[in-house]
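# Coordinate analysis (summary)
The residues making up each chain are set out below.
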Amino acid sequence: LSLEERLASYVVEGTKEGLIPDLQEALKKDAPLNIINGPLMAGMSEVGRLFNNNELIVAEVLQSAEVMKASVAFLEQFMEKNESAVKGKILLATVKGDVHDIGKNLVEIILSNNGYEIVNLGIKVPPEQLIEAFHREKPDAIGLSGLLVKSAQQMVVTAQDLRNAGIDVPIMVGGAALTRKFTKNRIQPEYEGLVLYAKDAMNGLEIANQLSD
Ligand code: B1M
């Protein structure tokens, strides 16, 4: 197998044996984020496909998630850090009912490496908890992540609850369940402030930078 194929297969197989040496090898020719977005994400897509076809069980997908998390944790130290002044404070959460957090945590890494102060509220965060954290932390923006189809609807509800609580800072939304169109047609109309869709973590950084300019 080529290096790229091996990297994808650690994720698919859910095994860490040989992972770190191969990541070190990959770092010689590629930036950490390209390794994540390339072979590691390719592995994750394959996991999603196999899971969808009932060829993997949840316990196996969890093993794959562990490999992805270990890879990101290892690669993080090699990522470019922008030691600028704090550009803003952002609350991050995976919405109520959803446990997927690898994408959200990647967004946290990218944003915090680029001058943002992140308050990561974790997974399955109900609107009440977001509202409470908003009053405590006074962030400049709120970031919501969701991967399940029902999470898209949960974002609509969350936007309504935030608006009813008088909150109108920009909201950034992302995750596999969402589209730009759903964001514009279904979430934005329920919210007073801006709602912006980010297709991946780098796009999330671009959006945060536009907001802070
Ligand atoms: Co689940 N899962 N899962 N899962 N899981 C999906 C999402 C699914 C598509 C798989 C499938 O069937 N093909 C499917 C959803 C189906 C649907 O709703 N239509 C699914 C399902 C069904 C489930 C369960 C219901 C399974 C069950 O229990 N029967 C269950 C749900 C539990 C719950 O949430 N209540 C479940 C559980 C799990 C695990 C716990 C085993 C594990 C998660 C572990 C963890 O996160 N700690 C897991 C995994 C790993 C996946 C897949 C395989 C991979 C997700 C992932 O981590 N991708 C996923 C299939 C897939 O996506 N191909 C699947 C890598 C990650 C880096 O990408 O999160 O998309 P992603 O983030 C991207 C962008 O989306 C974006 O940036 C990131 C990249 O740069 N982004 C943002 C994300 N959030 C953002 C926020 C932003 C900006 C950008 O701003 C705030």
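Residues numbered from 1 in each chain as written. Predicted model: local features only at pLDDT ≥ 70, side-chain atom pairs only at ≥ 80, totals over all residues. Heavy atoms only, no water.

Our next topic: the overall build of the protein. For the protein, the count of helices and strands is 9 helices and 5 strands. Each helix (α) and strand (β) of the protein, taken in turn from the N terminus, gives the series α-α-α-α-β-α-β-α-β-α-β-α-β-α. On C-alpha atoms alone, the protein measures out to a radius of gyration of 18 Å, which is about the 17 Å that the 2.2 N^0.38 rule sets for 213 residues. With respect to the principal axes defined by its C-alpha atoms, the protein has extents near 55 × 45 × 30 Å. In the protein, the share of contacts with a sequence separation of at least 24, taken over all contacts with a separation of at least 6, comes to 74%. Surface accessibility of the protein: about 10,900 Å² in total, with carbon and sulfur atoms responsible for 52%. Each charge sign in the protein was given a centre, from 21 positive and 29 negative side chains, and these centres are 4 Å apart. (Helix = DSSP H or I, 4+ residues; strand = E, 2+ residues; numbered from the N terminus. Rg over C-alpha atoms; globule rule 2.2 N^0.38 Å. Contact = heavy atoms within 4.5 Å. Areas by Shrake-Rupley, 256 points an atom, 1.4 Å probe, with all protein chains shown as cover. Lys, Arg positive; Asp, Glu negative; His and termini not counted. Charge placed at Lys NZ, Arg CZ, Asp CG, Glu CD.)

Moving on, we come to the site of the ligand. Around the ligand, a shell composed of 35 residues is seen, among which Gly97, Val99, His100, Asp101 and Ser145 lie nearest. At a separation of 2.8 Å, an oxygen atom of the ligand approaches a polar backbone atom of Val99. Val149 places a main-chain nitrogen or oxygen 2.9 Å from an oxygen atom of the ligand. Going through the elements one at a time, α3 (32–52), α4 (58–76), α5 (102–112), β3 (141–145) and β4 (171–174) are the ones with two or more residues in the shell around the ligand. Sorting elements by how many residues they give to the shell around the ligand places α3 first, with 6 residues. Residues that form the shell around the ligand fall into these classes: 21 nonpolar, 9 polar and 5 charged. (Near = heavy atom within 4 Å. Polar contact = N/O pair within 3.5 Å; in protein donor to acceptor, adjacent residues only side chain to side chain. Nonpolar A, V, L, I, M, F, W, Y, C, P; charged D, E, K, R; others polar.)

Turning our eyes to something else, we now look at the coordination of the cobalt atom of the ligand. Angles between donor atoms at a metal ideally measure 109.5 degrees for a four-coordinate tetrahedral arrangement and either 90 or 180 degrees for a six-coordinate octahedral one. For the cobalt atom of the ligand, the protein supplies a single donor, His100 (NE2), at a distance of 2.2 Å. Tracing the backbone shows His100 in the loop between β1 (88–94) and α5. (Donors = N, O, S within 2.8 Å, 3.2 Å for Na, K, Ca; no water.)

Another aspect to go through is the pattern of salt bridges. Across all of its chains, the model carries 9 salt bridges by this definition. Lys89 is the partner of Glu137 in a salt bridge, and the nearest nitrogen-oxygen pair spans 3.0 Å. Of this pair, Glu137 sits in helix α6 (residues 127–137) while Lys89 sits in strand β1, placing them 48 residues apart in sequence. Neither residue differs from the other here; Glu137 and Lys89 are each classed as buried. Residue Lys199 pairs with Asp200 through a salt bridge whose shortest N-O separation is 3.9 Å. For Asp200, a relative accessible area of 33% corresponds to the partly exposed category. Beyond isolated ion pairs, a larger network of salt bridges with shared partners links Lys89, Glu132, Arg136 and Glu137. (Salt bridge = Lys/Arg side-chain N within 4 Å of Asp/Glu carboxyl O. Buried < 20%, exposed > 50% of the residue type's maximum accessible area, 1.4 Å probe, protein only.)

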